[in-house]
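# Structural description and commentary
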Amino acid sequence: MYVPSNPIVCEAEGNVMAERYQNYVNGSWSDGSSGAVSTSTNPADLSDVVGEFQASTSADAAAAIDAAHDVKESWRRTSSLARGGYLLKAASYLEANLEEFAQMVTRECGKAILESRGEIGRAVALLQYYGVEGSNPVGSVVPSVNPNILLYTNRMPLGVVSLITPWNFPFAIPIWKMAPALVYGNTIVLKPASATPGVATLIARMWEAVDLPAGVFNLITGSGATVGNELITNDKVAAISFTGSTRIGMNIAAESAKRGKRYQLEMGGKNPVIVLPDADLEQAAEITVSGAMKYSGQKCTATSRAIVVGNIMEEFTNLVVEKTNALKIGAGSDPQSIIVPVIDQASKDNIASMIARGVADGGSILAGGGVPSGNGFDKGTYVEPTVINNVASDAFVACEEIFGPVLSILSAADAEDALNIANSVEYGLSAGIFTKDLNSVLDFADRIEAGVVKINGETAGLEPQVPFGGMKSSSSGDREQGKAAIEFFTQTKTI
């Protein structure tokens, strides 16, 4: 069991004793300057206090940035093979501690334990991938018109990069940002979501365990409203990589553009699947429900709209409702649970209001629509998996991200109409189609406005060796993961 450096046992809500965790700056654990803390709780049981975490200030953020800035040159001059070696050691460390880390993910963000294990496994794969990337070439020799001139390119790190990450993938998303950032020679400051600071302390523990040089990785916890501005506007920060809401992302873009900083944004989604009449409806329904309801729909790539073409609407809808009603609701610690608690009460309330608005706009609830009762559900933030039909394509519930276990079923006259509906929203992250017709597949893949396209597959999920990102309001355009990550975290120098 991990005991944080210099833990302070304190009395939390309900007289439950909680450990106080610290920031990790310049290779040391330390308290924030304010002396204030915030509490993290288990969404499956709000009386379970995960711990108390530093409510950092802008001064704390500046100190972390200073630490990263002071070592950026020495880290840049470290060979990329050596940098990759730290990532490979971290991957081995993470494999050895996978179960402990997965249990923390489940406890703090409510995720089903099988998915938490998968998330840590993904982080291992990412560290391995980018660890090997440290041995790959990053430039090229280019022929010159003058045979006596050597003309070549090299990739240079940006410097200090601020990482601002969400709570829904509290381990994998920070890793898929920091692994390429580090191997390409940048130093980093991580500000995790306020809901999952405990998981972030495990990331700091990992880097401490493999003796990553002090200052190369720094962690501060606290409110984005308090420390976010410093992470974005500080002159020593060269770039910001953010995953979260579209509203905050656009603010980051504006502030970064004013200062000539590079920024990378991954934001919302309203991900559709199109179901054509020739589809295997059993397969389509099974995959649609999985994409919409696993982790209670709290994925930016979760399926949110099913657009059904032709006379298969009744059969497909019946299958979806049947499969939705069969899903087990419960704590993520139970391996059988599919519908787990949503992250907090504010999210639960927002989902309920979105469902109510869907009904007010003419939708009909076919499954769920409320909150479960009994079995201790009142201790956590649970929402029933919900299916709504009779939804107009321009209805609020069909256009806005809900981030909960809610699936809207829409009808389309034909494939062309379905494609128009799919493309009608402001988002363009992930999309899928169910069909056996190759011509339909190729047309959809070419014309759908989404950065990730799935054929007879779940909209959620992507392998780490390929680029990830969206179109339109879902992304700033830069891609994460795979070979594409070098484009954001480095700049080209021609020599």
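Okay, so let's go over this structure.

What counts and what doesn't
Residues numbered from 1 in each chain as written. Predicted model: local features only at pLDDT ≥ 70, side-chain atom pairs only at ≥ 80, totals over all residues. Heavy atoms only, no water. Helix = DSSP H or I, 4+ residues; strand = E, 2+ residues; numbered from the N terminus. Buried < 20%, exposed > 50% of the residue type's maximum accessible area, 1.4 Å probe, protein only. Contact = heavy atoms within 4.5 Å. Patch = residues over 30% accessible without salt bridge, like charges linked within 9 Å, V, L, I, M, F, W, Y side chains within 5 Å. Areas by Shrake-Rupley, 256 points an atom, 1.4 Å probe, with all protein chains shown as cover. Salt bridge = Lys/Arg side-chain N within 4 Å of Asp/Glu carboxyl O. Axes fitted to C-alpha atoms, helices over the stretch in contact; angles between N-to-C directions. Parallel < 35°, antiparallel > 145°, perpendicular 65-115°, else oblique. Left-handed = near helix turned anticlockwise from the far one by under 90°. Nonpolar A, V, L, I, M, F, W, Y, C, P; charged D, E, K, R; others polar.

### A short note on the environment of Ile-343
The topology assignment puts Ile-343 in the loop between helix H11 (313-325) and helix H12 (345-360). Judged by relative accessible area, Ile-343 falls into the buried class, the value being 8%. In the structure, Ile-343 is positioned 30 residues away from Met-313 in sequence and 33 Å away in space, judged by C-alpha atoms. When neighbours within four sequence positions are excluded, Ile-343 is seen to be in contact with Pro-43, Glu-108, Cys-109, Trp-167, Ala-195, Gln-298 and Thr-381.

### Comments concerning a nonpolar patch on the surface
Side chains of Val-141, Leu-150, Tyr-152 and Ile-495 sit close together on the surface and give an oily, nonpolar patch of about 380 Å² of accessible area. Along the chain, Leu-150 falls in the loop between strand E7 (140-141) and strand E8 (152-157). Classification of Leu-150 by relative accessible area gives exposed; the value is 58%.

### Considering the pattern of salt bridges
With the rule as written, the count across this model stands at 20 salt bridges. Between Glu-115 and Lys-299 there is a salt bridge, with the nearest N and O atoms lying 3.1 Å from each other. Placement of the pair is Glu-115 in helix H5 (residues 113-133) and Lys-299 in the loop between helix H10 (281-293) and strand E15 (303-309), with a sequence separation of 184 residues. Under the relative-accessibility criterion, Lys-299 is labelled buried at 10%. Between Arg-357 and Asp-361 there is a salt bridge; the shortest N-O distance is 3.9 Å. Several salt bridges share partner residues, and in doing so they unite Glu-255, Lys-258 and Arg-259 into one network.

### As for the packing of helix H4 (residues 98-109) against helix H7 (residues 197-209)
At a minimum axis separation of 8 Å, H4 and H7 run at an interaxial angle of 160 degrees. Taken together, the axes of H4 and H7 are roughly antiparallel relative to one another. Handedness of the H4/H7 crossing: left-handed. In this structure, H4 contributes Glu-100, Phe-101, Met-104, Val-105 and Glu-108 to the contact, and H7 contributes Pro-197, Gly-198, Val-199, Leu-202 and Arg-205. Across the contact of H4 with H7, the residue classes tally to six nonpolar, one polar and three charged.

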